[in-house]
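Each chain, written out:
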Amino acid sequence: AQTVTQSQPEMSVQEAETVTLSCTYDTSESNYYLFWYKQPPSRQMILVIRQEAYKQQNATENRFSVNFQKAAKSFSLKISDSQLGDTAMYFCAFMLEGSNYKLTFGKGTLLTVNP
Amino acid sequence: GAGVSQSPSNKVTEKGKDVELRCDPISGHTALYWYRQSLGQGLEFLIYFQGNSAPDKSGLPSDRFSAERTGGSVSTLTIQRTQQEDSAVYLCASGKDTQYFGPGTRLTVL
């Protein structure tokens, strides 16, 4: 079974600064996807970024980028130029390709952006 | 286009009652998932529908939980004889290798 670990229950950052959220996962499989989702107080789960395991290039989406280290089974999220609207719970998730494609989530990191 | 919608947004019920939660996926998405988010267990997979195939029910916690998907679109998650431990946010998602979530239904069992 796959597991996802987020070792930072809470983090805070000053507005306009950069913050990195950590995620590690455990799998013996080769083909999979990794995701970061954001859940603000509104409860809506929003997709932030997606990475395919076969791609060596790290995914980026505007101010959000990942550092994907396949051998180390590490998938960290970097948020640049943090904004107050980035305040949310962030979940790292793993999806095995070719099965039922269910998501396995970490416990989440609560990020607070301070003005 | 329209995203995933869920209803009701909040549901308060008494222990022992049955509840139905509804999910309307993104148009054209053949894959639909239900997840449960609770304080103690985090986010956990419940059930997966793919087109007309038999659903993957491997995540359902007990036989009090069931779900159906009519016409390959709308899905209903039913919880019979609700217990206090069923209190949670129930999230629906559609899409396969990229899943998009609805706003969830917060269920409170008194």
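Check the entry above for the structure.
Student: Looking at this model, I keep getting lost on the overall build of chain A. Mind explaining?
Tutor: Of the regular secondary structure elements, chain A holds 0 helices and 12 strands. Its helices and strands in sequence order give chain A the pattern β-β-β-β-β-β-β-β-β-β-β-β, from N to C terminus. Since a compact globule built from 115 residues should have a radius of gyration of about 13 Å, the 14 Å found for chain A is in line with a globular shape. Overall size of chain A, expressed as C-alpha extent along the three principal axes, is 45 × 25 × 20 Å. Evaluated residue by residue, chain A yields a buried proportion of 49% over its 115 residues.

Student: In this structure, what is going on with the pairing of strand S10 (residues 88-96) of chain A? I would like to understand it.
Tutor: Within a regular beta strand, the side chains point alternately toward one face of the sheet and then the other, so they alternate between its two faces. Residues and elements named next belong to chain A. Among the 9 residues that make up S10, 8 are buried, leaving the element largely enclosed by the rest of the structure. Pairing geometry for strand S5 (residues 32-39) and S10, over 8 bridges, is antiparallel. Paired with Tyr33 across the two strands is Met95, which belongs to S10. Two elements, S10 and strand S12 (residues 109-114), share 3 bridges in a ladder whose sense is antiparallel. Residue pairing for S12: Tyr90 is matched across the bridge by Thr109. Pairing of S10 with strand S11 (residues 103-105) involves 3 bridges; the strand directions are antiparallel. Residue pairing in the sheet places Phe94 in a bridge with Thr104 of S11.

Student: Before we go on, may I ask you to explain the nonpolar core in this structure?
Tutor: Note on soluble globular proteins: their nonpolar side chains tend to be buried together. Residue and element names in this part refer to chain A. Grouped together as the largest cluster of nonpolar side chains are 26 residues, with contacts concentrated most on Tyr25, Trp36, Phe75, Leu77 and Tyr90. Elements that contribute at least two residues to this core include exactly strand S3 (19-21), S5, strand S6 (46-52), strand S8 (64-69), strand S9 (74-79), S10 and S12. Ranked by residue count, the leading element in this core is S10, at 5 residues. Ignoring sequence-local partners within four residues, the contact set of Leu77 consists of Val19, Thr20, Leu21, Trp36, Val48, Ile49, Phe64, Ser65, Val66 and Tyr90.

The rules we used
- Each chain has its residues counted from 1, running along the sequence as written.
- Whichever chain is written first becomes A and whichever ligand is written first becomes 1, with later ones labelled in order.
- Only residues with pLDDT of 70 or above have their local features reported here, since the model is predicted, and side-chain atom pairs are shown and tallied only from 80 upward, although totals for entire chains, interfaces and linings are computed over all residues.
- Just so you know, side-chain values use all the structure's heavy atoms and leave hydrogens and water out.
- Each helix corresponds to a stretch of at least 4 residues labelled H or I by DSSP, and each strand to a stretch of at least 2 residues labelled E; elements are numbered beginning at the N terminus.
- The size measure is the radius of gyration over C-alpha atoms, and the globule rule it meets is 2.2 Å times the number of residues to the 0.38 power.
- Remark: exposure states derive from per-residue accessible area (1.4 Å probe, protein chains only) relative to the maximum for the residue type, with buried under 20%, exposed over 50%, and partly exposed in between.
- Pairing between two strands requires that DSSP report at least two bridges joining them.
- Here, nonpolar core refers to any group of buried Ala, Val, Leu, Ile, Met, Phe, Trp, Tyr and Cys residues whose side-chain atoms link them within 4.5 Å.
- Two residues form a contact once any of their heavy atoms are found within 4.5 Å.

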